[in-house]
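# Summary of the model geometry
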Amino acid sequence: MSKQSQQNSDALKGLAGPLRLTRLGMVAERATRAFWPLWTVLMLAIALAMLGAQDFISPRAAMGVAAVFGLAAIWALVYGLRLFRWPSADAAVERLDNTLTGHPITALTDTQVIGTQDEASRAVWAAHLERMKARLKGVKPAPADLRVASKDPYALRFVAALVLLVALLFGSVSKVATVGDIALGQGGALAAGPSWEGWIEPPAYTGKPSLYLNDLPAGELSVPKGARITVRLYGEVGALTLQETVSGRDAATDPAAVLHELTVTQDGMLQIDGQGGAEWAIAILPDMAPDVQITGELTREAQGVMRQPFAASDDYAVLRGTAEFRLDMAAVERRYGLVVDPEERAPIILDLPLPITGDRSDFTEELVDNLSEHPWVGLPVTLTLSVEDASGQTGQSESVKMLMPGRRFFAPLARAVIELRRDLLWSRENGTRVSQVLRAVIHRPEGFVRNNGAYLMLRVALTRLEAAVAFGMSTEAQDEIAAALWQIALVFEDGSLADAKERLHRAQERLAEAMKNGASKDEIAELMQELRDATKDYMRQLAEQQRQNGGQDQQQAEGGERFEFSQAELQALMDRIQELMEEGRMEEAAELMQRMNEMMENLQMAEGGEGGDKSPGEQSMEDLKDTLRNQQGLSDQAFRDLQEQFNPNANRGESSQNRGEAGGQGQGRSHEGQGGEGQGESGDEAGEQGAGKESLADRQQALRDELQRQKGGLPGGGTAEGDAAREALERAERAMQGAEDALRGDRLAEALDNQAEAMEALREGMRSLSEAIAKNEQQQQSPGQQGEAQGRDNANARDPLGRDNSGRGRVGTDGDLLQGDDVYRRARDLLEELRRRSGDQSRPDLELEYLERLLDRF
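Residues numbered from 1 in each chain as written. Predicted model: local features only at pLDDT ≥ 70, side-chain atom pairs only at ≥ 80, totals over all residues. Heavy atoms only, no water.

## Topic: the environment of glutamine 271
- Along the chain, glutamine 271 falls in strand S7 (residues 268-273).
- Judged by relative accessible area, glutamine 271 falls into the partly exposed class, the value being 21%.
- Those residues in contact with glutamine 271 that sit more than four places away from it in its chain are Thr241, Leu242, Gln243, Ala278 and Glu279.
- Here the side chain of glutamine 271 touches aspartate 273 through a polar contact of 2.5 Å, side chain to side chain. (Helix = DSSP H or I, 4+ residues; strand = E, 2+ residues; numbered from the N terminus. Buried < 20%, exposed > 50% of the residue type's maximum accessible area, 1.4 Å probe, protein only. Contact = heavy atoms within 4.5 Å. Polar contact = N/O pair within 3.5 Å; in protein donor to acceptor, adjacent residues only side chain to side chain.)

Set out below in structure tokens:
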């Protein structure tokens, strides 16, 4: 052997390790591709056995399934053996050589054929071999390709592996041993002798664990009702038999059966006769019916939200519960709209709240709901709570009599609308009576109905109600009108009053009604808070008016007396009123309320400002108020005309009278461009004449022309607020134009919509104009004027309660106490002085305590 050949052989010997590993990888690769079906079948069979699938089917079926798996395994084994081929050494060399660049193994085993006599050719060949040897240094084995996705497109091997993983986590290896009994057949069982297994599974809702009968001694045994008993017998047929009286079945058990399943429904006996048998006396654990009790009084919040506490319990768990309200007809006072027989209405059933997490065997909860819109609110009802457990047993509380909880209305008009709504929902036969009462309520709205928007809504609802009564009221129309009356009542009750004085009067009226009719603590608290807020807004408005009117605020109250009391005293008075109301001392609270009202009426304020010329902004506001008032009167007249189209022969006298009133409201006030100059007593006459001579469309045109004139003289030009006011008035003008066109076309309903839009735009324009005027006055006031006004206020001004504002009763000051560049140094000096004085024990105790409080604060 030449030296070169010897070197090549040594280089190939160094590949023994990589070649061995490459060959093992090829074995694994071919075994995976050949035997993956066998592994899949075995993993699935073992997993099912560990999960105890054989226990849920009959032995015959289990033997059939085992046979299927056995045949599948044999086929998979034969398939693998036929496909598998042991890789040869040459195949391993070829696999490794194919993974290397230039096939160095093949090159080292080759022999030079051409140019063996040429020295240069031999040198080239030797250099080539050296390069191939270098490539073999540090060579790694060829990786095995274990992918079989092309042969297993449905990934059955992964499914079997997943099932096996679940079996390892939740199954038992001991379950596999039971398959042996099935595989051995009766012969194996006979050899081992008769045997049995049994389980008791309580119902899931009890939370109790399953019991293995083989581990339980014979004797007495208590189980929940509904427990499931499973007994499996092994061995020769008839060697073991099952006797039982717990299922309640009349038929005797089949002596040839090997699997027995039964449900415990009564006390009885469970006996396994034969070698190794046992007997138990089964007693059913008592399953008590659930219990629910009302544990406190029902409370109602100010907005009608009710809260009813209750407690429920069960020996296992409460599954669900309901609260049922039923109308107590025997206790209903049958008068007014309740005289007629009511329409049938289902009881109110609410689901009781249950704990989302935690124990449901014993808990307390609170039923919270708002039933304010139900027609039974305020009527006698009975409340009954009921609960149910998982076994179907129910428990009920004692029925409690009460008035149906809901929102209470204190405004007289709102309360009247709500009562009529209740009568309408009580029976559609009350439709005629409700319409008559509503018409009587709104017959003379002046001074009684303060909310014009709600008044128009009520008129529209009345028209719809009368039309429904005339043509037969349907259930849908009844519900629709009732919903409209509810919204109207909310507007009357809550209101949208922009004037502070009106809000104050409204709060006082609602509180007085609450004193008369009684109110809960929550309602009292809400009403008192409303009174406090209204009083604060009223005082702020009067203070602003006082600053604008200057020295006019020094006028004395009527009779020369001045009522001077502080804001703290007013707050203490309202707190005392609330305290008396909560204690039920309504008469004393009413007396204090009357005293407070008298003091509020006698405040030293200049609300209107006597004499003097009005500024352009104030004049514009007055003109817009007149325009809004006239538009409201015109809208009322259009509404009455629309009503007469549906019922031309009814209420002639009332329509004629209201026409005069609306005419005065729309035309009787002096207004440029309006064509009317009469004032005072001549207003109604002028209104009647205007209504007779001019059409509604002409009056709408005149009103639009007047608005156009007012829009040209608005102050606040160039500011955001002034531009917003002009934009709102332009929308009002367009809406008036639409109303005028609709009136000329006799489309009264469309005209009413446009007029409502115009009034809303007018209100928005007035709000923006008010903001523009306030901002303009603030910008026009010079620094010198501000200092003069501040000095005058400190010297002479009095607050809305009539007391001197020069400093008496004030806690702090608006002046800068720390003036200069180094305010922080001055603050430190003051703090050091406070500490020095607090350390001087010769000072009085009262002063030392005061100094300590200051140091604690700062």
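Additional details are given in the paragraphs that follow.
## Some remarks on helix H3 (residues 59-83)
- Between its terminal C-alpha atoms H3 stretches 36 Å, which fits the 36 Å expected from 25 residues at 1.5 Å a residue.
- All buried positions along H3 are accounted for by Ala62, Phe69, Ala73, Ala76 and Gly80. (Expected span 1.5 Å × (residues − 1).)

## Focus: the layout of surface pockets
- If you add up the space inside the second largest pocket, you get close to 1100 Å³.
- Around the second largest pocket sit 39 residues that line it, and Val377, Gly378, Leu379, Leu403 and Arg408 are the ones nearest its centre.
- Those elements giving two or more residues to the lining of the second largest pocket turn out to be strand S10 (299-300), strand S17 (400-403), helix H9 (412-426) and helix H14 (521-549).
- Tallying contributions element by element places H9 first for the lining of the second largest pocket, with five residues. (1 Å grid on protein atoms, 1.4 Å probe; cavity = no way out; pocket = protein on both sides within 12 Å on 5 of 7 lines; lining within 4 Å. Points joined across faces, edges and corners; volume = space filled by probe spheres on them.)

## Observations regarding the nonpolar core
- With 28 residues, the main nonpolar core has Phe409, Leu424, Leu438, Leu458, Leu465, Leu485 and Phe492 as its most contacted residues.
- For this core, the secondary structure elements donating two or more residues are H9, helix H10 (431-441), helix H11 (452-471) and helix H12 (475-494).
- The greatest single-element share of this core, amounting to eight residues, is contributed by H12.
- Ignoring anything within four residues of it in the chain, the contact list for leucine 485 reads Val417, Arg421, Leu424, Leu438, Leu458 and Ala461.
- Core analysis: the next-biggest nonpolar cluster, separate from the first, contains 27 residues, Val292, Trp376, Val377 and Leu383 among them. (Core = buried A, V, L, I, M, F, W, Y, C linked by side-chain atoms within 4.5 Å.)

## Notes on the packing of aromatic side chains
- Counting across every chain of the model gives seven aromatic pairs.
- Judged by centre distance (6.1 Å) and plane angle (45°), the rings of phenylalanine 35 and phenylalanine 84 are tilted. Placement of phenylalanine 35 in helix H2 (residues 16-50) and of phenylalanine 84 in the loop between H3 and helix H4 (89-98) is noted, with a sequence separation of 49 residues between them. Across the pair, phenylalanine 84 and phenylalanine 35 agree in class, each one buried.
- An angle of 45° between the planes, with centres 5.9 Å apart, marks the rings of tryptophan 199 and tyrosine 212 as tilted. A residue pair is termed long-range when its members are at least 10 positions apart, and tryptophan 199 in strand S1 (residues 195-201) and tyrosine 212 in strand S2 (residues 211-212) qualify at 13 residues. (Phe/Tyr/Trp six-rings, centres within 6.5 Å; stacked < 30°, edge-to-face > 60°.)

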